[in-house]
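For reference, the chains in residue letters:
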Amino acid sequence: MNWGILGPGWIAEQFATSLNTLTRSRIAAVGSRSQERSAQFAQRHGDSKTRAYDSYDQVLNDPSVDVVYIAVPHSGHAELAIRAINAGKHVLVEKPMTLDAGQTQQVITAARAAGVFAMEAMWSRLLPVGNVIAQVIESGLLGRVISINADFGAKFAVDPASRIYDPALGGGALLDVGIYPIAFSAMVSPVRQLLHASGRMTETGVDASFTAVLANQDGSTTSVFSSIETDSPQSAWIAGTDATLEVQRPIFAGSRLVLRNCDGSIADSQEFSEHSAATGLGWEAAHAARCIGEGLLESPVIPLDESLAIAQTMDRIAAELRSG
């Protein structure tokens with residue numbers, strides 16, 4: 001696949017590095033508001049045919065581009081995704097897909113109407129460890145799932161001027177890192193109801209830390225914690241009537257899975273190479289290329305309706321946090 005990159009920032013750097021390492025795809029074009037930034041990015045990650053543009057529309061109008069990776073701040077995801085879709089491009093949108101469920105629905109509706117592939121870039125689901133977790137869940141090894149626990153706290157520098165503290169750019173724990181444990185729970189069972197959410201807000205109006213309790217459609221409950229002000233264990237577990245699966249740090253690219261019997265003894269375990277974004281984002285690029293090559297309009301692993309459901313859950317949590 002020939003990729004177009006919108007927004008040559010940090011996450012796009014990681015994506016390009018991993019794409020070039022793990023896949024046979026290439027970067028055909030890169031666009032930003034700065035010709036210099038685009039040119040520097042193209043020089044680092046492209047080839048002699050990679051074009052550098054000083055606008056996003058030039059990438060979207062480039063006939064050599066098959067699929068667009070949208071890597072601008074969260075607040076720009078919806079607009080650029082819809083513009084790319086209207087230009088006939090397939091899209092991979094960095095997580096969270098948009099700022100809220102309403103915008104996510106707009107992207108989904110546009111993609112389905114245009115008949116192009118669209119996917120939220122929830123890369124952890126597409127790593128080898130994510131595949132094994134899904135297999136364990138589907139196998140029934142755990143029995144009936146009773147409880148899910150997942151957390152992701154990472155300490156960011158306190159900087160009111162930064163993106164992570166800016167509500168206009170989708171800052172805060174929920175959208176930036178909280179989506180990981182929420183999506184982990186959704187992989188096990190869709191949410192039926194938000195039971196409780198509470199947390200701490202920053203002076204800029206974004207959530208600093210929160211805990212949420214969810215009731216799921218399979219009858220299980222989930223406890224989620226996320227934060228931008230503390231480094232948490234970044235782990236997860238799924239407790240069933242027959243066994244418990246532990247996902248050891250980090251939750252987004254688990255380094256080890258442990259399957260425990262009901263008496264606490266270890267039934268099985270598996271170590272995984274710990275992926276950083278620079279080594280792991282290529283898995284989602286390869287998955288998207290494979291889906292597009294097979295004529296699919298959405299991923300069977302990360303379907304669009306699941307991305308919408310996750311956005312709806314985050315909306316409910318955000319509303320409860322704002323209400324105090």
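Provided above is the structure to which this section pertains.
Values in this document were obtained by computation on a predicted structure and should not be read as measured data. (Residues numbered from 1 in each chain as written. Predicted model: local features only at pLDDT ≥ 70, side-chain atom pairs only at ≥ 80, totals over all residues. Heavy atoms only, no water.)

Draft legend 1. Seen up close, the environment of P8. Tracing the backbone through its elements, the reader meets P8 in the loop between β1 (2–6) and α1 (10–22). Spatially, the C-alpha atoms of P8 and P73 are 11 Å apart, while their sequence positions differ by 65 residues. Once you skip the residues sitting within four places of it in the chain, P8 turns out to touch E13, V30, G31, S32, R37 and F41. (Helix = DSSP H or I, 4+ residues; strand = E, 2+ residues; numbered from the N terminus. Contact = heavy atoms within 4.5 Å.)

Draft legend 2. Representation of the sheet that holds strand β13 (residues 256–261) in the model. Pairing is mixed across the open sheet formed by eight strands, whose spatial order is β8-β9-β10-β7-β11-β12-β13-β14. Strands with a single pairing partner mark the edges of an open sheet, and in this sheet they are β8 (191–201) and β14 (266–271). Each strand axis lies, on average, 10° off the axis of its neighbour in the sheet, ignoring direction. Where strand β12 (residues 243–248) lies against β13, six bridges are found, and the strand directions are antiparallel. By the bridge assignment for β13, Q248 is matched with R256. Packing of helix α7 (residues 173–188) onto the sheet brings it into contact with β7 (145–153), β9 (207–216), β10 (221–227), β11 (236–240) and β12, and relative to β7 it is tilted by some 160°. The sheet strands contacting helix α10 (residues 304–323) are β8 and β9, and the helix crosses β8 at an angle near 40°. (Pairing = 2+ DSSP bridges. Axes fitted to C-alpha atoms, helices over the stretch in contact; angles between N-to-C directions.)

Draft legend 3. Expanded view of the pattern of salt bridges. In total, this model carries 13 salt bridges according to the counting rule given. In this structure, the salt-bridge partner of R44 is E13, at a minimum N-O distance of 2.3 Å. Linking R44 in helix α2 (residues 35–45) with E13 in helix α1, this pair joins segments that are 31 residues apart in sequence. By relative accessible area, which is 18% here, E13 ends up buried. In this structure, R26 engages D47 in a salt bridge whose closest nitrogen and oxygen atoms are separated by 2.9 Å. Linking R26 in strand β2 (residues 26–31) with D47 in the loop between α2 and β3 (51–53), this pair joins segments that are 21 residues apart in sequence. One network of salt bridges, with partners in common, ties together D57, E79 and R83. (Salt bridge = Lys/Arg side-chain N within 4 Å of Asp/Glu carboxyl O. Buried < 20%, exposed > 50% of the residue type's maximum accessible area, 1.4 Å probe, protein only.)

Draft legend 4. Region of interest: the side chain of H74. Tracing the backbone through its elements, the reader meets H74 in the loop between β4 (67–70) and α4 (77–86). Separated by 3.1 Å, the side chains of H74 and D176 make a polar contact. With near-sequence residues (within four places) excluded, H74 lies in contact with K95, P96, L99, R163, L169, G170, L175 and D176. (Polar contact = N/O pair within 3.5 Å; in protein donor to acceptor, adjacent residues only side chain to side chain.)

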